[in-house]
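Reading the structure
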Amino acid sequence: MLTIDLTGKRALVAGVADDGGYGFAIAKSLAEAGASVVVGTWPPALNIFLNLLERGKMDESRRISDGRMLEFERIYPLDAAYDTLADAPDDVRTNKRYKETGDFSIAGLAERLTSDFGDRPLDILIHSLANAPEVRKPLLEVSRGGYLAAVSVSAYSLIGMVQRLAPLLREGGSVLSLTYMASERVIPGYGGGMSSAKAALESDTRVLAFEAGRKHGIRVNTISAGPWASRAASAIGIIGAMVDYVSHNAPLTEPLNADDVGHVAAFLSSPLAAGITGTVVYVDKGYHTMGMGVLEQSSH
Ligand SMILES: NC(=O)c1ccc[n+]([C@@H]2O[C@H](COP(=O)([O-])OP(=O)(O)OC[C@H]3O[C@@H](n4cnc5c(N)ncnc54)[C@H](O)[C@@H]3O)[C@@H](O)[C@H]2O)c1
C-alpha cells in the first residue's frame, strides 16, 4: 500500500498558538503520519498556549485517530518579524511577554534547534503565520508602516526562515507555507496589505524553490487554503461570511475542514511529493476555479 510515512522525520511548524488554526491541523497530520513535531509560537501568545496545554484544554483536539496524542517535542518562542535578537527594538525585548523567553528571533530558533538536536535536525519546515496590524483597513487607506509590517511578518519571514533553517534540513527536506487567493483576485475586506503579502509569498515560493533547490536540494511549496475561522482569520472581521460564501459557491459544497489542509500538507511534506516544488496547491473545495457566484435559484 502507498502510505504517507514520515516515521523518523522531524517537523518544525511555525505559527501554532492554539488548536484552531491551520498550523495545528498540519502538526496533527504530520504526527499522524509518524513525524515528531516542534512548534514555534509568537511570544505574546506563548503563555496562553502553554496554559491551555497544561490544563488539558486541548486534549480532545490533540487526539490522533489511532488513539495517540499529538505531542510537541519542543515549543520555541518565535517572533518571525526579527531575523536576529539585535533587530528587535528595546521596547519589544523588555516587554513582559518577551523578556523571559530568551532569543525569540529566527536566528535564535535555528540556534536552539541545533543545540537541542544537532547539526541537521529537521526534515520539514511549515510556515503557518501571518499578521497585519491594519488588516481591517482597505489598501486605499493603509499606512506605509502597516503595509510594510504585513509584508515583513507574512512574507519576508519565509525568506528569513529559509535562509537560516534550510541548512538545518536533511536530504529530501521540504518547506511549505500557507497562502490565500486574495493574492490574485480581489477579496473585499482582506486588507492591511495582506493581499500584497500573499502575492509576494507566492512569487517568493517559486524563486526560493529554484534557489534553495539548487543550493540545498530542498523543495518549497505553498498551499492556497480556503477561508477557515481561525483566530488570525477572525481578526479580518468577516470570516464567517467568507466561509459561507465559499461553501455556497464552490464546486464542492461541504465546508472546508482544517484537516483537509493538514492532509495535503502531510503529502506535500512527504517523499511521495518528491517531484513537486515551486507550486501553489489549492485546497479550497475548488472555489478558485469559479468565475461567477451561483445564482440563488440554481445550484448548477
Ligand atoms: N484561516 C484562513 O482563512 C486562511 C486562508 C488561507 C491562508 N491562511 C494562512 O494560514 C496561515 C495560518 O493562519 P491561520 O488562519 O490558521 O491562523 P492562526 O491564528 O492559527 O495562525 C497564525 C499564527 O501566526 C502567529 N503569528 C502572528 N504574528 C507572528 C509573528 N510575528 N511571529 C510568529 N508568529 C506570529 C500567531 O500567533 C498565530 O499562531 C497564515 O499564513 C494565514 O494567512 C489562512
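See the structure printed just above.
Since the structure is predicted, the reported quantities are computational estimates derived from the model, not experimental observations.

Some words on helix 9 (residues 239-249)
Within helix 9, the full set of buried residues consists of I239, M242, V246, S247 and N249. Those residues of helix 9 that are buried are in contact with helix 8 (231-234).

Some thoughts on the nonpolar core
One finds V13, L30, V37, F72, I223 and V261 to be the most contacted residues of the largest nonpolar core, which totals 35 residues. Counting only elements with at least two residues in this core, the list comes to strand 1 (10-14), helix 1 (22-32), strand 2 (36-41), helix 2 (43-54), strand 4 (122-127), strand 5 (169-179), strand 6 (219-225) and helix 10 (258-268). Top element by residues in this core is helix 1. It accounts for seven residues. With residues near it in sequence (within four places) discarded, V261 still touches Y22, I26, L178, I223, A225 and V283. Membership of the second largest hydrophobic core comes to 29 residues, among which are L78, A80, V153 and A166.

Comments concerning empty space enclosed by the protein
If you roll a probe as big as a water molecule over the atoms, it shows you where there is empty space left. The tally for this structure, following the rule as stated, stands at one cavity of 30 Å³ or more. Put simply, the largest cavity is a space of about 70 Å³. Looking at the lining of the largest cavity residue by residue, the classes come out as seven nonpolar, two polar and three charged.

Describing unusual backbone geometry
One non-glycine residue, K285, adopts positive backbone phi at about 60°. Positionally, K285 belongs in the segment after strand 7 (280-283).

Things to note about the packing of helix 6 (residues 144-165) against helix 7 (residues 194-216)
Two numbers describe how helix 6 lies on helix 7: the axes approach to 9 Å, and their chain directions differ by 15°. In this view, helix 6 runs roughly parallel relative to helix 7, as classed from their interaxial angle. The element helix 6 and its partner helix 7 pack so that their crossing is right-handed. In this structure, helix 6 uses Y147, A150, V151, S154, A155, L158, I159 and V162 to contact helix 7, whose residues at the interface are M194, S196, A197, A200, L201, D204, T205, L208 and A212. Of the residues belonging to the contact of helix 6 with helix 7, the class tally is 13 nonpolar, three polar and one charged.

Here's the deal with the environment of D204
Within the fold, D204 resides in helix 7. The spacing of D204 and T222 is 18 residues in sequence and 9.9 Å in space, taken between C-alpha atoms. Discounting residues that sit within four places of it in the chain, D204 has contacts with I159 and A209.

Here's the deal with the site of the ligand
Taken together, 28 residues form the shell around the ligand, and within it Y22, D79, A80, W228 and S230 come nearest. Take W228: an N or O atom from its main chain is 2.8 Å from an oxygen atom of the ligand. Separating an oxygen atom of the ligand from a side-chain N or O atom of S230 is a distance of 2.5 Å. When isolated, the ligand has an accessible area of 820 Å², and the protein chains bury 93% of it. According to the grid-proximity analysis, the pocket containing the ligand is the largest pocket. Looking at the shell around the ligand, the elements that each hand over two or more residues are strand 5 and helix 8.

Quick notes on the rules
- Residues numbered from 1 in each chain as written.
- Predicted model: local features only at pLDDT ≥ 70, side-chain atom pairs only at ≥ 80, totals over all residues.
- Heavy atoms only, no water.
- Buried < 20%, exposed > 50% of the residue type's maximum accessible area, 1.4 Å probe, protein only.
- Helix = DSSP H or I, 4+ residues; strand = E, 2+ residues; numbered from the N terminus.
- Contact = heavy atoms within 4.5 Å.
- Core = buried A, V, L, I, M, F, W, Y, C linked by side-chain atoms within 4.5 Å.
- 1 Å grid on protein atoms, 1.4 Å probe; cavity = no way out; pocket = protein on both sides within 12 Å on 5 of 7 lines; lining within 4 Å.
- Points joined across faces, edges and corners; volume = space filled by probe spheres on them.
- Nonpolar A, V, L, I, M, F, W, Y, C, P; charged D, E, K, R; others polar.
- Axes fitted to C-alpha atoms, helices over the stretch in contact; angles between N-to-C directions.
- Parallel < 35°, antiparallel > 145°, perpendicular 65-115°, else oblique.
- Left-handed = near helix turned anticlockwise from the far one by under 90°.
- Near = heavy atom within 4 Å.
- Polar contact = N/O pair within 3.5 Å; in protein donor to acceptor, adjacent residues only side chain to side chain.
- Areas by Shrake-Rupley, 256 points an atom, 1.4 Å probe, with all protein chains shown as cover.
- Sits in = over half its atoms within 2 Å of the grid points.

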